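Given next are the chains, with one letter for each unit.
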Amino acid sequence: MTTFESVGQPKSKLWLAAIKPPMYTVAIIPITVGSAVAYAQTQAIDLNILGTFLLSAIAIIAWLNISNDVYDSDTGIDINKAESVVNLTGNRNLMFWLGNLFLGLGIAGIAMISWWQQDLTVVEIVLLSCFLGYSYQGPPFRLGYQGLGEIICTICFGPLALSAAYYSQTQSWSIANLLASLIIGISTSIILFCSHFHQVKDDLAAGKLSPIVRMGTKMGAAVLKWSTASIYALSAVGVAIGLFPVATLLVFLSLPLAIKLTNFVSEYHDRPERVRTCKYLAVRLHFASGLLLALGFYI
Ligand SMILES: C/C(=C\COP(=O)(O)OP(=O)(O)O)CCC[C@H](C)CCC[C@H](C)CCCC(C)C
Ligand SMILES: O=C(O)C1=CC(=O)c2ccccc2C1=O
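Residues numbered from 1 in each chain as written. Chains lettered and ligands numbered in written order. Predicted model: local features only at pLDDT ≥ 70, side-chain atom pairs only at ≥ 80, totals over all residues.

1. Section: the site of ligand 1
Here's step 1: Lining the immediate surroundings of ligand 1 are 24 residues, of which Asn68, Ser129, Gly133, Tyr136 and Cys156 lie closest.
Here's step 2: Mapped by element, the contributors of at least two residues to the shell around ligand 1 are helix H2 (25–42), helix H3 (47–75), helix H6 (121–137) and helix H7 (149–170).
Here's step 3: The class makeup of the residues in the shell around ligand 1 is 16 nonpolar, seven polar and one charged. (Near = placed C-beta within 6 Å. Helix = DSSP H or I, 4+ residues; strand = E, 2+ residues; numbered from the N terminus. Nonpolar A, V, L, I, M, F, W, Y, C, P; charged D, E, K, R; others polar.)

This is the structure in C-alpha cells:
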C-alpha cells in the first residue's frame with residue numbers, strides 16, 4: 001500500500017515494482033514440489049502437463065496481482081501507491097479486464113489438463129483456489145481486511161495447489177504430498193505475513209486488520225521465527241516417519257536464509273522504512289527451500 005519511497009523513482013522502476021517478477025515464484029514452487037512428490041512415487045512425469053500447469057499458474061498469479069491493484073484502487077487504500085498498475089496506467093477498467101484475461105488463460109490451461117485426463121478434479125481445485133484468492137481482496141468479502149489472508153494463503157498455495165499438481169500427474173492423492181503441502185503453504189504465507197510489517201500505520205488508517213496490526217510487530221517477529229522454524233521441523237518429521245526421502249533434508253541448506261530473515265525482522269520490526277524489504281527475503285527463502293525440497297524428491 002504505502003509508498004513514500006517510490007516518489008521520484010523512474011517509471012521503469014515503478015513498472016518493475018508493480019509487475020513484481022520475483023513474486024511469480026509462488027506459482028512455480030507448489031507445482032514443482034507437487035510434481036516432484038508424484039515423480040518420487042511413480043518414477044514418471046508428464047512434462048506436457050507440468051509445463052501447462054506452470055504457465056497456467058503464472059497467468060493466475062498475474063490475475064491475482066493485477067486484480068489486487070484494481071480492488072485496492074476501489075477502496076482507496078492504494079491512493080499513494082505509485083507502483084500500482086492502476087495508478088501507473090490511470091485506467092482501472094483496462095486493468096480489470098487485463099486481469100480477467102489472465103485468469104481466463106490460466107483457467108483454460110488447467111481445463112485443458114482436466115480434458116486430457118477426462119476428470120474435472122484438477123480444474124475444480126484450482127477454481128476453488130481462485131475463488132478463495134478473490135475472497136481475500138474482492139467485494140463483498142475482502143477477507144484480507146479481517147486478517148484472514150495468511151490462512152487463505154496457506155490453504156491455497158499449500159494443500160490445494162500441491163494436491164492439484166500431484167493429482168494432475170497421478171490422478172490420486174498422497175499423504176507425503178499433504179505434508180509437503182503444509183510446508184509450502186507455510187513458506188508462502190510467510191511472504192504475505194512479512195509484507196504487513198511496514199504497513200501498520202496505513203493499514204490501521206484504512207481499517208485493515210492485518211495479523212501484524214492485530215498482534216503488533218514484536219509478537220509478529222516472534223511468530224515469524226516459529227513459523228519459519230516449522231518449515232524445517234516438518235521436513236525433519238517427514239524424513240523421520242519415512243514419508244519423505246532422506247534427500248529432502250537438503251531443505252536445511254536454506255537455513256542461512258531463514259536465519260537472515262528472522263534476525264532482520266527481529267531487529268527492524270518496528271522501523272517501517274527498514275523492514276519493508278523483508279518480503280523479498282521471504283520470497284528468497286520460499287524459493288530456495290521449495291526448490292531444495294523438490295530436488296530432494298526428484299533425486
Ligand atoms: C495479492 C496478494 C497479496 C497482496 O496483499 P496486499 O493487498 O496487502 O498487498 P499490497 O500492499 O501490495 O497491495 C496475495 C494474496 C494471496 C491469497 C490470499 C491467496 C491466492 C490464492 C491463489 C489464487 C492460488 C493460486 C494457485 C495456483 C498456484 C495454482
Ligand atoms: O504483492 C504482494 O505483496 C504479494 C503478491 C502475491 O502474489 C503473493 C502471493 C502469495 C503470497 C504473498 C503474496 C504477496 O505478498
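2. Some details on the UniProt feature "transmembrane region" (unreviewed entry) in the protein
Here's step 1: When the UniProt feature table is mapped onto this chain, "transmembrane region" (unreviewed entry) is found at residues 22–40, 47–66, 94–113, 120–137, 143–166, 178–198, 231–259 and 280–298.
Here's step 2: Between the end C-alpha atoms of residues 22–40 there is a gap of 28 Å, over a span that is 84% helix and 0% strand.
Here's step 3: As a span, residues 280–298 carries 100% helix and 0% strand, and end to end its C-alpha atoms are 27 Å apart. (UniProt positions renumbered as here; feature names shortened; annotations may be inferred.)

3. Let's talk about the site of ligand 2
Here's step 1: All residues adjacent to ligand 2 are Lys20, Met23, Val26, Ile61, Leu64, Asn65, Cys153, Thr188, Ile191, Leu192 and Ser195.
Here's step 2: Contributions of two or more residues to the shell around ligand 2 are made by H3 and helix H8 (175–194).
Here's step 3: Classifying every residue of the shell around ligand 2 gives seven nonpolar, three polar and one charged.

4. Things to note about the packing of H2 against H7
Here's step 1: Contact geometry for H2 and H7: axes closest at 8 Å, N-to-C directions at 45 degrees. Between H2 and H7, the angle is such that the two are oblique. Remark: the crossing between H2 and H7 carries right-handed chirality. Residue-level contacts link Val26, Pro30, Ile31, Val33, Gly34, Ser35, Val37, Ala38 and Thr42 of H2 to Phe157, Ala161, Leu162, Ala165, Tyr166, Gln169 and Thr170 of H7. (Axes fitted to C-alpha atoms, helices over the stretch in contact; angles between N-to-C directions. Parallel < 35°, antiparallel > 145°, perpendicular 65-115°, else oblique. Left-handed = near helix turned anticlockwise from the far one by under 90°. Contact = placed C-beta atoms within 7 Å.)

5. Focus on unusual backbone geometry
Here's step 1: A cis geometry characterises the amide bond from Pro139 onward to Pro140, with omega recorded as 0 degrees.
Here's step 2: Its location among the elements puts Pro140 in the loop between H6 and H7.
Here's step 3: A positive phi is found at Arg142, a non-glycine position, where the angle reads about 45 degrees.
Here's step 4: Mapped onto the elements of the fold, Arg142 is located in the loop between H6 and H7.
Here's step 5: Notably, Gln171 is not glycine yet its phi reads approximately 50 degrees, a positive angle.
Here's step 6: Along the chain, Gln171 falls in the loop between H7 and H8.
Here's step 7: Classification of Gln171 by C-beta neighbours within 10 Å gives exposed; the count is 12. (Buried ≥ 20, exposed ≤ 12 C-beta atoms within 10 Å, placed from the backbone.)

6. Thoughts on the environment of Ala165
Here's step 1: When you line up the elements, Ala165 lands in helix H7.
Here's step 2: According to the C-beta neighbour criterion, Ala165 is buried, with 30 such atoms within 10 Å.
Here's step 3: As a C-alpha pair, Ala165 and Gly147 span 18 residues in sequence and 28 Å in three-dimensional space.
Here's step 4: With residues up to four places along the chain from it excluded, the contact list for Ala165 reads Pro30, Ile31, Gly34, Ser35 and Phe53.

7. Here we look at helix H5 (residues 92–117)
Here's step 1: A rise of 1.5 Å per residue sets the reference length of H5, with its 26 residues, at 38 Å; its end C-alpha atoms lie 38 Å apart and thus fit the reference within 8%.
Here's step 2: Turning to H5, its buried residues are Met95, Gly99, Phe102, Leu103, Gly106, Gly109, Ile110 and Ile113.
Here's step 3: On its buried face, H5 sits against H3, helix H4 (85–89), H6 and H7.
Here's step 4: Directly after H5, the chain includes Gln118, whose backbone phi takes a positive value near 50 degrees. (Expected span 1.5 Å × (residues − 1).)

8. Some points on H2
Here's step 1: End to end, H2 covers 25 Å across 18 residues, agreeing with the expected 26 Å (1.5 Å per residue, within 8%).
Here's step 2: Judged by how many residues are buried, H2 sits mostly within the fold: 14 of 18 residues are covered.
Here's step 3: A positive backbone phi angle near 60 degrees is found at Gln43, which sits one or two residues after H2.

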